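Residue strings, one per chain:
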Amino acid sequence: MTPLGPKRRFRPLDAIILATVGAIVVFVVYKVDSVLAYRWDWSVIPRFLLRHDEDTGSLAPNLFVLGTLTTIRLAFWSLILSALIGGIMGIMRTSRRLFPRMLSRAYVELIRNTPPLVFIFVFYFFISSQIMPLLGLEDLAGNVSPATAVLMEWLAAPPKLFSNFLAGVICLSMFSGAYVTEIVRAGIESIPRTQYEAGGSIGLSPLQTMHHVVLPQALQRVVPPLAGQFIILIKDSSLVSLISIQELTFYALEIAVSTTQVFEVWIFVGLLYFAICYSCAIAFDWLERRAATHR
């Protein structure tokens, strides 16, 4: 059995902190209501959550729901690709050979020292706009069967927007992958050299030692920082709205402009992002505790 942690008790300091936070919230709400003279109208939120579909006669998801689903899909594929890029580049950063180390370091320094907006604009307008036509993705997406189109829409985006969606995934993955690279590198370098020597002493090759001895130990150490980086990636997904990817922030801008209910829209969108990120934080915390239990 695992030892139980210390019991959490509600102390006077906790009451003081809660009272202070509550007073700040009340003060902010009062100042917004009295100084801005803003007319709140929260009825705009339900209108853009669900809509009545005239063709089927039932309720269908509206812009908020569609944007949230696109954000989740965008974050999901970006997480997988950035983990793959970061894992490979992180191993290359610890290689004994000069070329892999220089290549991975050049990638990390280029991405890490470039503002996200600049990188997204440069990649999308100067690189992606040249690569996507060469791959023929737009023609391929336009000629898919109806069943394939439905599958593409559920997994990624509608066929006509698939190339934009893919460009956004690659942008986010490359940007986040640079930080994952450094996390993986730090995790590998934290393993003592004696572990490498132990793997060699039992006849394992350097590649086998890395796969069977070093990486399992390093993975346990990099889970917490990886969780934080992946949550940051989810929030950074809002940046791709600037290249016309119709995710949550893109739709929020349209709704805020069309309804002029700016505060209601952005407060609700902030709560949606919080719900997504907090759910991921709980999931990563569960994985970390499971790893600690097995260890």
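Rules of the game
- Residues numbered from 1 in each chain as written.
- Predicted model: local features only at pLDDT ≥ 70, side-chain atom pairs only at ≥ 80, totals over all residues.
- Heavy atoms only, no water.
- Helix = DSSP H or I, 4+ residues; strand = E, 2+ residues; numbered from the N terminus.
- Buried < 20%, exposed > 50% of the residue type's maximum accessible area, 1.4 Å probe, protein only.
- Contact = heavy atoms within 4.5 Å.
- Areas by Shrake-Rupley, 256 points an atom, 1.4 Å probe, with all protein chains shown as cover.
- Lys, Arg positive; Asp, Glu negative; His and termini not counted.
- Charge placed at Lys NZ, Arg CZ, Asp CG, Glu CD.
- Phe/Tyr/Trp six-rings, centres within 6.5 Å; stacked < 30°, edge-to-face > 60°.
- Axes fitted to C-alpha atoms, helices over the stretch in contact; angles between N-to-C directions.
- Parallel < 35°, antiparallel > 145°, perpendicular 65-115°, else oblique.
- Left-handed = near helix turned anticlockwise from the far one by under 90°.
- Salt bridge = Lys/Arg side-chain N within 4 Å of Asp/Glu carboxyl O.
- Nonpolar A, V, L, I, M, F, W, Y, C, P; charged D, E, K, R; others polar.

### Let's talk about the overall build of the chain
Next up, step 1: Summing up its helical and strand segments, the chain has 12 helices and 2 strands in all.
Next up, step 2: Mapped in sequence order, the helices and strands of the chain form the string α-α-β-β-α-α-α-α-α-α-α-α-α-α.
Next up, step 3: Seen through its principal axes, the chain has C-alpha atoms that stretch 70 × 65 × 40 Å.
Next up, step 4: Every one of the 295 residues in the chain was classed for burial, and the buried ones make up 36%.
Next up, step 5: Look at the contacts in the chain between residues 6 or more apart in sequence, and 71% of them connect residues 24 or more apart.
Next up, step 6: Surface exposure of the chain reaches about 18,600 Å², of which carbon and sulfur atoms provide 68%.
Next up, step 7: A distance of 15 Å separates the average location of the 23 positive side-chain charges in the chain from that of its 19 negative side-chain charges.

### Focus on the packing of aromatic side chains
Next up, step 1: Taken as a whole and assessed by the stated rule, the structure comprises 8 aromatic pairs.
Next up, step 2: Considering the side-chain rings of Phe64 and Phe268, the 5.0 Å spacing of their centres and the 65° angle between planes classify their relative orientation as edge-to-face. Of the two residues, Phe64 is situated in helix H3 (residues 63-93) and Phe268 in helix H12 (residues 262-294); the sequence distance between them amounts to 204 residues. One exposure class covers both Phe64 and Phe268, and it is buried.
Next up, step 3: Measuring from ring centre to ring centre gives 5.9 Å for Phe250 and Tyr251, while their planes differ by 75°; the resulting arrangement is edge-to-face. Of the two residues, Phe250 and Tyr251, neither departs from the other in class, the shared state being buried.
Next up, step 4: In textbook terms, an aromatic cluster arises when at least three aromatic residues are bridged by ring pairs, as seen for Phe119, Phe123, Phe175 and Tyr179.

### Description of the packing of helix H9 (residues 193-201) against helix H10 (residues 206-236)
Next up, step 1: At their nearest, the axes of H9 and H10 sit 10 Å apart, and the two run at 150° to each other. Comparing the axis directions of H9 and H10 gives the class roughly antiparallel. As for how H9 packs across H10, the hand of that crossing is right-handed. Where H9 approaches H10, its residues Gln195, Tyr196, Gly199 and Gly200 are matched on the opposing element by Thr209, Met210, Val213, Val214 and Gln217.

### Quick look at the pattern of salt bridges
Next up, step 1: Under the counting rule described, the total for this entry stands at 6 salt bridges.
Next up, step 2: In this structure, Arg112 and Glu182 form a salt bridge, with 3.6 Å as the shortest nitrogen-oxygen distance. Of this pair, Arg112 sits in helix H4 (residues 98-112) while Glu182 sits in helix H8 (residues 162-189); the two residues are 70 residues apart in sequence, bridging distant segments of the chain.
Next up, step 3: For Arg112, a relative accessible area of 34% puts it in the partly exposed group.
Next up, step 4: As a salt-bridge pair, Glu189 and Arg185 come within 2.7 Å of each other at their nearest N and O atoms. Of the two residues, Glu189 and Arg185 are both situated in helix H8; the distance of 4 residues between them amounts to about one turn of the helix.
Next up, step 5: Salt bridges here are not isolated pairs; linked through shared partners, they connect Arg93, Glu109, Arg112, Glu182, Arg185 and Glu189.

### Remarks on the packing of H8 against H10
Next up, step 1: Running from amino to carboxyl end, H8 crosses H10 at an angle of 145°, the nearest separation of the two axes being 8 Å. Pair H8 / H10 crosses with right-handed handedness. Along the contact surface, H8 presents Leu172, Ser176, Tyr179, Val180, Ile183, Val184, Gly187 and Ile188, while H10 presents Met210, Val214, Leu215, Ala218, Val222, Pro225, Leu226, Gln229, Phe230, Leu233 and Asp236.
Next up, step 2: For the contact of H8 with H10, the class distribution of residues is 15 nonpolar, 3 polar and 1 charged.

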